[in-house]
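Coordinate analysis (summary)
Listed below, chain by chain, are the residues.
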Amino acid sequence: MTLLDRTEAAPANPARLILILSLAPTVGLGIGRFAYSLLLPDMRDSLAWSYSAAGFMNTVNAAGYLAGALITSKLVQRYGLSAIVRAGTLACVLSLALCAASGNFLLLSAARLIAGIGAALAFVAGGALATIIAQSQPARSAFLLSLFYAGPGIGILSSGLITPFLLQAAGPGSWWIGWLVMAALAAAMTLPLLLAPLDSHATMSSEIPASFRVRPVLIYLAGYFMFGAGYIAYMTFMIAYVRDAGGGAAAQSAFWCLIGCSAFVTPWVWRRVMALHRGGLSTTIILTVNAIGAALPLFGLSTGMLAISALVFGVSFFAVVASTTAFVRFNYSQAEWPGAIAAMTIAFGIGQTLGPLVVGAITDAIGSLSSALAVSAATLALGALLSAFQRPLRH
């Protein structure tokens, strides 16, 4: 997301290296952040948590991610991209193991914080390194980068295939076994990252970035903030909603796997939409679809409705970040990219930090998870509306 200095020759097999790099967001985001939703219902029952407490666990994770994203550039300048990717991913594996160690609320919160920081380090540095590798083959660069950004979907898919059936077989109170298995899975996925020849002296550029003005894109930042708050609420509480509606392990697994599979088709579904407009129109269209996907279960809890919700939500939520990146590339010079991306990251990070806690508190007050779903969908819809007012910038 920032300017880069490239100091190495082109790699011999860029696709293979980027696939290995994609294991960083697989572990950090697909498992480290999102697998919590699969374990949340059993944790909440066993540990007697309120929905506010349950939401706080993803709030502290998102706060860690925001903090990690803001310090990555300085750490990369000192240690290099590959070292930060590996360190961040290992921190995520450690956090998963810590989650299995105890039901103590403070320890679990610390573990979720570590997971957020580690995921940010691995994702931001990994994305930068993947960009450098992809640039070695300009004609295939878009395809090569899509391999990296499919990582979270792989993590969602793999955890969805394992966790619901594991909890069903082990019985109530087995959430800690789920964390232990996820830690083992993440550790196995981390091995290729440690062994692959990723060593690179490439770093974030030391060039002073151009100044960034918030006012011209304030309404777009507000829309992106709403997306951060709305999507994380859905991803935090939706499995609990499916379970409370009578969905067993198979239903929970299928729902989660459909969201994960959506990541693989996202680039093809939205490619033309992202080229439509240099303002906020593309983001508005994608966020509107995202809001519809979040709202669908409010109109029925049949298997078909839940499946459509998962597919519609999944295929759009993976695309919103890409549309924001496209907005920055269309409207800013390369020297302005770092400041613009930093502003987007902060707005999104604050939104996904506040979302789970606020929605959890609303759910506790009203006493129904349907309210969480309604708030999530309404927040996403508001984000779409705000983005629609963003006009192309004039240089």
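Rules of the game
- Within any chain, residue numbers begin from 1 and follow the written order of that chain's sequence.
- Side-chain atom pairs in this predicted model are given and counted only at pLDDT of 80 or more, local residue features only at pLDDT of at least 70, and totals for whole chains, interfaces and linings cover all residues.
- Only hydrogens and water are set aside when side-chain values are computed; all heavy atoms of the structure are taken into account.
- Strands here mean DSSP runs of E at least two residues long; helices mean DSSP runs of H or I at least four residues long; both are numbered from the N terminus.
- We take the radius of gyration over the C-alpha atoms and set the globule estimate at 2.2 Å times the residue count to the 0.38 power.
- Remark: exposure states derive from per-residue accessible area (1.4 Å probe, protein chains only) relative to the maximum for the residue type, with buried under 20%, exposed over 50%, and partly exposed in between.
- In what follows, a contact means two residues having at least one pair of non-hydrogen atoms within 4.5 Å.
- Under the convention used here, Asp and Glu are negative, Lys and Arg are positive, and both His and the chain ends fall outside the count.
- For the purpose of locating charges, the reference atoms are NZ of Lys, CZ of Arg, CG of Asp and CD of Glu.
- Between the N-to-C directions of two axes lies an angle of 0 to 180 degrees, each axis being a line fitted to C-alpha atoms and, for a helix, fitted only over the stretch in contact.
- Each angle is binned into one of four classes, with values under 35 degrees roughly parallel, values over 145 roughly antiparallel, values of 65 to 115 roughly perpendicular, and all other values oblique.
- A clockwise turn of the near helix away from the far one marks a right-handed crossing, whereas an anticlockwise turn of less than a right angle marks a left-handed crossing.
- Note on scores: pLDDT gives the predictor's confidence for each residue, bounded by 0 and 100.
- Aromatic rings from Phe, Tyr and Trp, with only the six-membered ring used for Trp, were paired whenever their centres fell within 6.5 Å, and each pair was classed as stacked if the ring planes differed by under 30 degrees, edge-to-face if by over 60, and tilted otherwise.
- Patch building starts from residues that exceed 30% relative accessible area and form no salt bridge, then joins like charges within 9 Å and nonpolar side chains (Val, Leu, Ile, Met, Phe, Trp, Tyr) within 5 Å.
- In this description, accessible areas are obtained by the Shrake-Rupley approach with a 1.4 Å probe, and a residue is regarded as covered only by the protein chains that are shown.
- For salt bridges, the criterion is a side-chain nitrogen of Lys or Arg within 4 Å of an Asp or Glu carboxyl oxygen.
- Residue types Ala, Val, Leu, Ile, Met, Phe, Trp, Tyr and Cys, when buried and joined through side-chain atoms within 4.5 Å, form a set referred to as a nonpolar core.

Looking only at helices and strands, one finds 16 helices and 2 strands in the chain. For 395 residues, the compact-globule formula gives about 21 Å, and the C-alpha radius of gyration of the chain, at 20 Å, lands near that figure. Dimensions of the chain, computed from C-alpha atoms along their principal axes, come out at roughly 55 × 45 × 35 Å. When the 395 residues of the chain are sorted by exposure, 55% land in the buried category. Of all intrachain contacts in the chain linking residues separated by at least 6 positions in sequence, the fraction that spans at least 24 positions is 85%. Computed over 18 positive and 9 negative side-chain charges, the separation of the two mean positions in the chain equals 11 Å.

Contact geometry for helix 3 (residues 35–47) and helix 4 (residues 51–79): axes closest at 11 Å, N-to-C directions at 150°. In terms of axis orientation, helix 3 runs roughly antiparallel to helix 4. Crossing handedness for the pair helix 3 and helix 4: right-handed. Across the interface between the two elements, Y36, L40 and R44 of helix 3 pack against Y51, A54, M57 and N58 of helix 4.

As a further point, take the confidence of the model for the chain. For the chain, mean pLDDT is 87; residues scoring 70 or higher make up 92% of the total. Here strand 1 (residues 4–5) stands out as the element of the chain with the lowest mean pLDDT, 46, in contrast to helix 9 (residues 175–195), whose mean of 96 is the highest. Below pLDDT 50 for its whole length, residues 1–8 participates in 33 contacts with residues either more than four positions away or in separate chains.

Attention now goes to the packing of aromatic side chains. Counting across every chain of the model gives 20 aromatic pairs. Relative to F348, the ring of Y231 lies with its centre 5.7 Å away and its plane at 5°, an arrangement referred to as stacked. Here F348 lies in helix 15 (residues 337–366) and Y231 lies in helix 10 (residues 218–244), a separation of 117 residues in the sequence. As far as the burial class goes, Y231 and F348 line up, both buried.

Turning to a nonpolar patch on the surface, a few remarks are in order. On the surface, L70, I71, I346, I350, L354 and V358 cluster together to form a nonpolar patch covering roughly 470 Å² of accessible area. Every element with two or more residues in the nonpolar patch is listed here: helix 4 and helix 15. Element by element, the count of residues in the nonpolar patch is highest for helix 15, at 4 residues. The residue I71 is located in helix 4 in this model. Since its relative accessible area comes to 40%, I71 is described here as partly exposed.

We now examine the packing of helix 10 against helix 11 (residues 249–262). Direction vectors running N to C along helix 10 and helix 11 enclose 150°, while the axes themselves pass 9 Å from each other. Between helix 10 and helix 11, the crossing angle belongs to the class labelled roughly antiparallel. Crossing geometry of helix 10 relative to helix 11 is assigned as right-handed. Of the residues in helix 11, those in contact with Y234, M235, M238, I239, V242 and R243 of helix 10 are A251, Q252, F255, W256 and I259.

Moving on, we come to the nonpolar core. Among the nonpolar cores identified, the biggest contains 114 residues, and Y231, M235 and F255 are the most heavily contacted of them. If you tally residues by element for this core, the top one is helix 10, at 15 residues. Beyond its immediate chain neighbours, meaning those up to four positions away, Y231 contacts R33, F34, F313, F317, F348, Q352 and L380.

By the secondary structure assignment, L167 is in helix 8 (residues 151–170). L167 sits in the buried class, given a relative accessible area of 14%. Note: C-alpha distance between L167 and F327 (160 residues apart in sequence) is 42 Å. Non-local contacts of L167, meaning those with residues more than four positions away in its chain, are made with L38, L39, D42, S174 and W175.

Our focus in this paragraph is the pattern of salt bridges. Summed over all chains, the structure comprises 2 salt bridges. Residues R243 and D45 are paired through a salt bridge, measuring 2.7 Å at the closest nitrogen-oxygen approach. You can see R243 sitting in helix 10 and its partner D45 sitting in helix 3, a full 198 residues away along the chain. Residue classification places R243 among the partly exposed positions, given a relative accessible area of 30%. Residue D45 is classed as partly exposed on the basis of its relative accessible area of 45%. The partner of R243 in a salt bridge is D244, and the shortest N-O contact between them spans 3.4 Å.

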